[in-house]
Amino acid sequence: MSDDSDDVMGVLATRIEERFRMSLPALRRAVAVAPHASPDATDAVRWYGLLATAQESLDRAEDALVAILMAEAPGELDDPAMGAAQRVNTAVDVRDGRAMVLRFLLDPDAPGRRGPGVWRGSAPAARRGQAPTTSIPARPGLPVSKVQGAFR
């Protein structure tokens, strides 16, 4: 239906190659040989594969919708056509979500990618001070039992 699939896949493939300074096929081979050598490369290759799968699904959904639309007379869409259109919308959402994750993984300066304690398994961030209190302070002139009873 559209040529933006080549754009999405091409742009992200180029960004992967620039980020890891090797071609995508070479990076795939390197990750297959030593997946733990670079977690960032492993994640990028994995998500690029997921993106490619989503793009193939989108292409099939678009082809199915076009076939349905070509077989129907112009006018209101029937249930099969609406269902096919919804499958295209869902496939676009999946593809775009995976592309967004891949863009995030390729950006070392993305929010949340720097500093300790960002991902599970990383070192917890150092405490900078005492934690704030969570109890309700008593108002002057009222006994504590009346203040606490108001919230039960």
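Residues numbered from 1 in each chain as written. Predicted model: local features only at pLDDT ≥ 70, side-chain atom pairs only at ≥ 80, totals over all residues. Heavy atoms only, no water.

A. Structural detail: the overall build of the protein. When its secondary structure is counted, the protein shows 5 helices and 0 strands. When the helices and strands of the protein are placed in sequence order, the string is α-α-α-α-α. The 152 residues of the protein split such that 22% are buried. Relative to all contacts within the protein whose residues are 6 or more apart in sequence, the contacts with residues 24 or more apart total 54%. With an accessible surface of roughly 11,000 Å², the protein has 57% of that area assigned to carbon and sulfur atoms. (Helix = DSSP H or I, 4+ residues; strand = E, 2+ residues; numbered from the N terminus. Buried < 20%, exposed > 50% of the residue type's maximum accessible area, 1.4 Å probe, protein only. Contact = heavy atoms within 4.5 Å. Areas by Shrake-Rupley, 256 points an atom, 1.4 Å probe, with all protein chains shown as cover.)

B. Inspection of unusual backbone geometry at higher detail. One non-glycine residue with positive phi stands out, namely R21, at about 55°. The exposed category is assigned to R21, whose relative accessible area is 76%.

C. Representation of helix 4 (residues 79-106) within the structure. Compared with the 40 Å implied by 1.5 Å per residue over 28 residues, the 41 Å span of helix 4 between its first and last C-alpha is a close match. Residues of helix 4 that are buried: A81, A84, V88, A91, R95, A99, L102, L105 and L106. Where helix 4 begins, one side-chain oxygen reaches toward the backbone nitrogen of A81, 3.2 Å away; that side chain belongs to D78. (Expected span 1.5 Å × (residues − 1). Polar contact = N/O pair within 3.5 Å; in protein donor to acceptor, adjacent residues only side chain to side chain.)

D. Region of interest: the confidence of the model for the protein. Averaged over all residues, the pLDDT of the protein is 81; the fraction at 70 or higher stands at 70%. Of all helices and strands in the protein, the one with the weakest mean pLDDT is helix 5 (residues 144-149) (53), whereas helix 2 (residues 24-33) scores best (95). Considering only residues more than four positions removed or in separate chains, one finds that residues 117-122, a stretch of pLDDT under 50, has 9 contacts. (pLDDT = per-residue confidence, 0-100.)

E. The arrangement of the environment of L77 in detail. With respect to the element layout, L77 can be found in the loop between helix 3 (39-71) and helix 4. The exposure class of L77 is partly exposed, given its relative accessible area of 38%. Beyond its immediate chain neighbours, meaning those up to four positions away, L77 contacts L69, E72 and M82.

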